[in-house]
Amino acid sequence: PVEQLRRPDGHTRRAATQGGGPRARVGGRTLPARLPDGHREATFNTPANRFVARALRSLSALLAAVRTARGPHWKDPVLRSQIESRNRSLHRWLERDFLRELPDRMEAPDLVVQRSPGYRDVLRWYRRTLLAFSVVAGDVRLGLADLWYLYQLWCAVRVEQEVAAILGPGQGTLVPASPRKPALTGEVRFADGTVLAAQQRSAEAHGVQQPDLLLTLRRAAPRGMEELRFQMVLDAKYRLQWKDRRAQPPVDALNAIHRYRDAMLSYETPRTNRTVYGGVILFPHPNEEVYRADPGSAWHGFERMGIGAIPLVPGQGKLLREWLQGLLHASIVRLDSLGPGYPALPPRPRAGRVMVAPLPYQQAQLDQMLSENWYHLPGDAKIENHNPTHLAAYEGSWAEAGARIQWLWRIVGWKRVEGQLIAQKAQFGGGSAGRKANYWLLRLADPERIEPAMGGYNWGPCGPMYVSLEVFDLAESVFLLRGELRHADLLRILHHLRKGVADWADGWTVREPLILDGRQLGLLEGNAAGIKWRIGREEGEFSVEGIRRRTIEDVFETLKVALEAEDLRKG
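Keep in mind the model is a prediction, meaning the values are calculated, not measured.

A.B. asks: Could you give an account of the pattern of salt bridges, naming the residues involved and the relevant values?
C.D. replies: Following the criterion strictly, the structure yields 20 salt bridges and no others. For R519, the salt bridge identified is with D567, shortest N-O distance 2.1 Å. Residue R519 is located in strand β24 (residues 519–527), and its partner D567 is located in helix α20 (residues 552–570); the two are separated by 48 residues in the primary sequence. What makes D567 buried here is its relative accessible area of 9%. Here the residues in one salt-bridge network are E289, R292, K318 and E322, joined through shared partners.

A.B. asks: Account for the packing of aromatic side chains, with residues named and values stated.
C.D. replies: Inspection of the entire model under this criterion finds 6 aromatic pairs. With a centroid separation of 5.5 Å and 75° between ring planes, the pair formed by F51 and Y126 is classed as edge-to-face. Of this pair, F51 sits in helix α2 (residues 47–70) while Y126 is found in helix α6 (residues 119–129), placing the two residues 75 residues apart along the sequence. In this structure, F51 and Y126 share a single accessibility class: buried. Here the aromatic rings of F283 and Y291 are separated by 5.2 Å at their centres, their planes lie at 70°, and the arrangement is edge-to-face. Since its relative accessible area comes to 1%, Y291 is described here as buried. Ring-pair connections join several aromatic residues into one group, and the members of that group are Y151, W154 and Y238. The ring of W374 has K425 lying over it, and the distance from NZ or CZ to the ring centre is 5.1 Å.

A.B. asks: Residue-level account of the packing of α2 against helix α3 (residues 77–94), with values.
C.D. replies: A pair of packed helices is captured by two measures, namely the crossing angle of their axes and the spacing between those axes. Put simply, α2 and α3 touch, their axes get as near as 10 Å, and they point 150° apart. Along this stretch, α2 crosses α3, giving a crossing that reads as left-handed. For the pair α2 and α3, contact is made by A53, L56, R57, L59, S60, L63, V66 and R67 and by I83, E84, R86, N87, L90, H91, W93 and L94, respectively. The residue makeup of the contact of α2 with α3, split by class, is 9 nonpolar, 3 polar and 4 charged.

A.B. asks: Describe the sheet that holds strand β14 (residues 276–283), and please don't skip the residues or the numbers.
C.D. replies: The mixed open sheet is built from 7 strands, whose spatial order is β5-β6-β7-β8-β9-β14-β15. Bordering the open sheet on either side are β5 (171–176) and β15 (307–311), each of which pairs with just one other strand. Going across the sheet, the axis of each strand differs from the next one's by a mean of 20°, ignoring polarity. Bridge count for strand β7 (residues 195–198) against strand β8 (residues 213–219) is 4 bridges, and the pairing is antiparallel. Of the residues in β8, the one forming a bridge with L196 is L215. Contacting β9 (228–236), β14 and β15, helix α8 (residues 251–263) runs over the sheet at an angle of about 160° to β14.

A.B. asks: Report on helix α11 (residues 318–328), specifying residues and quantitative values.
C.D. replies: For α11, the set of buried residues is L319, L320, W323, L324, L327 and L328. Burial along α11 is one-sided: seen end-on, the buried residues are contained in an arc of 150°.

A.B. asks: For the sheet that holds strand β26 (residues 538–542), give the residues involved together with the corresponding values.
C.D. replies: With respect to topology, 4 strands assemble into an open sheet ordered β23-β24-β25-β26, the strand pairing being antiparallel. Of all strands in the sheet, those bounded by a partner on one side alone are β23 (509–516) and β26. With strand direction ignored, the average angle separating the axes of adjacent strands in the sheet is 20°. In terms of strand pairing, β24 meets strand β25 (residues 530–535) through 6 bridges, oriented antiparallel. Bridge assignment links N527 to a residue of β25, and that residue is G530. Across the sheet, helix α18 (residues 488–500) lies against β23, β25 and β26, angled at about 160° from β23, the strand it touches most. The sheet strands contacting α20 are β23, β24, β25 and β26, and the helix crosses β25 at an angle near 20°.

A.B. asks: An account of the packing of α18 against α20 is needed here, citing residue identities and associated values.
C.D. replies: It is the contact of α18 with α20, at a shortest axis distance of 11 Å, that shows an interaxial angle of 150°. In the packing of α18 onto α20, the handedness of the crossing is right-handed. Contacts from L490, L491, L494, H495 and R498 of α18 reach α20 at I552, V555, F556, L559, K560 and L563. In the contact of α18 with α20, the residues fall into 8 nonpolar, 1 polar and 2 charged.

A.B. asks: So what's going on with the nonpolar core? Which residues, and what values?
C.D. replies: Core analysis: the largest hydrophobic core is formed by 48 residues, its most contacted members being L215, L282 and W323. With 6 residues, the single largest contributor to this core is α11. Core analysis: the next-biggest nonpolar cluster, separate from the first, contains 24 residues, L491, L514, L521 and L524 among them.

Rules of the game
Residues numbered from 1 in each chain as written. Predicted model: local features only at pLDDT ≥ 70, side-chain atom pairs only at ≥ 80, totals over all residues. Heavy atoms only, no water. Salt bridge = Lys/Arg side-chain N within 4 Å of Asp/Glu carboxyl O. Helix = DSSP H or I, 4+ residues; strand = E, 2+ residues; numbered from the N terminus. Buried < 20%, exposed > 50% of the residue type's maximum accessible area, 1.4 Å probe, protein only. Phe/Tyr/Trp six-rings, centres within 6.5 Å; stacked < 30°, edge-to-face > 60°. Lys NZ or Arg CZ within 6 Å of the ring centre and 35° of its normal. Axes fitted to C-alpha atoms, helices over the stretch in contact; angles between N-to-C directions. Left-handed = near helix turned anticlockwise from the far one by under 90°. Contact = heavy atoms within 4.5 Å. Nonpolar A, V, L, I, M, F, W, Y, C, P; charged D, E, K, R; others polar. Pairing = 2+ DSSP bridges. Arc of directions from axis to C-beta. Core = buried A, V, L, I, M, F, W, Y, C linked by side-chain atoms within 4.5 Å.

Here's what the structure looks like:
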């Protein structure tokens, strides 16, 4: 039977390896053929009993300290009688023979203490009394194990009151989840659509993040989009962390807000999105003005990171009210820009050279390219000198509405062929052209569609133009190069500037170096009032409205001439 299994004592272990009597050969070793019986001695000196003795002595010392601290001054005779009764009971237990002789040393509670009847009762009393009760300099201090639950409830009620004071009374209520568990559930809806919801944590919700309070702000969306929702997490933590004698919120609590923001996701659209824009923890700092005055406090971190901390104890709440007023009246621009943004992604690191070439036969030729994956151009195109890796064929007439590129092919290979072969393969009216000199026949891989299509200008290349693939990824800027790659960095700046000024939020600024051949020769600075540039001794400016109205090539030509002149001056 399992309950009769015992560890061998020292006598049995020695006999197993060194004992006399008959010997047997086992696995290449000679061992005793029969083990002697162990000699066990009954004793009360067990880890469980040592723990009980130490716990009872500690409790007795605590009650003696309370009696000494109070002295003859007892306002509650019933309480004094109960303490005296408990103290006499403890002494009777300590006089029992199986506890009286045990050593007085700290002993961790083992499995017997944690699970066996009687022992586990002592452990429960020990934890509830000794670990939550102390006498320091004559003052009796009592710690309550459920005080953090009480703080969470109080914070929820306080937040609801402050929101109602700003937006007016709401509908609904936050109610206790159950009589036995002091947690809240339910939600309160306010007139402007704001919702304050309490979430009951569930042990069954594996992997689901459930903060104490979730404040959802609703805003009308522009251009007929669906209603926008901005969620903010509020988490109450009844803990302090001391650093350099200053009370701070616990770091792990702030880290939890980061986790909520990254882990609470929405799967309603094809793309998974985050739904929490920021959050704060509420913690019991004793003086909110002292915490506000600290420039490094997490109170100031909310605007920088979208995550912060608000001190909140009874008798205070100015910072909570200030935070809620700014948040409930915030615009969608401010809510969406909480915390640092992500840096702009650089162009895809693709290597190669793109041949930008015309489609002389327009749509018919394009259809055949898309279906059969081949293209031809005259033999004097000097394709072998450029080794292109991709082909971008432009449609349209340069003299009329401008050219357009919407497909990019990877070039698998090329070779010279007789013109008659082109005439035989072409289904777009290219037969007459095919009777001329030799042609290049390019074999193409499947095309990659460019979204949106690249729009050109009414002037530009009249034949093949070779540009690097990185520059080609800058969309329309490729049409301004006309084979000159020295100005790629300048084109990148101007192209992004023209696109950005129409979409950037109020208060934007820009500061970019002007580079030619990898050397910085000038500087471009601007804001909504206008754009200024300086290249060596040359200076100039243009308005934001001007860059919207004028085509980008006007600005490009002006800066290009100044850049080249400065390059010559320095060269």
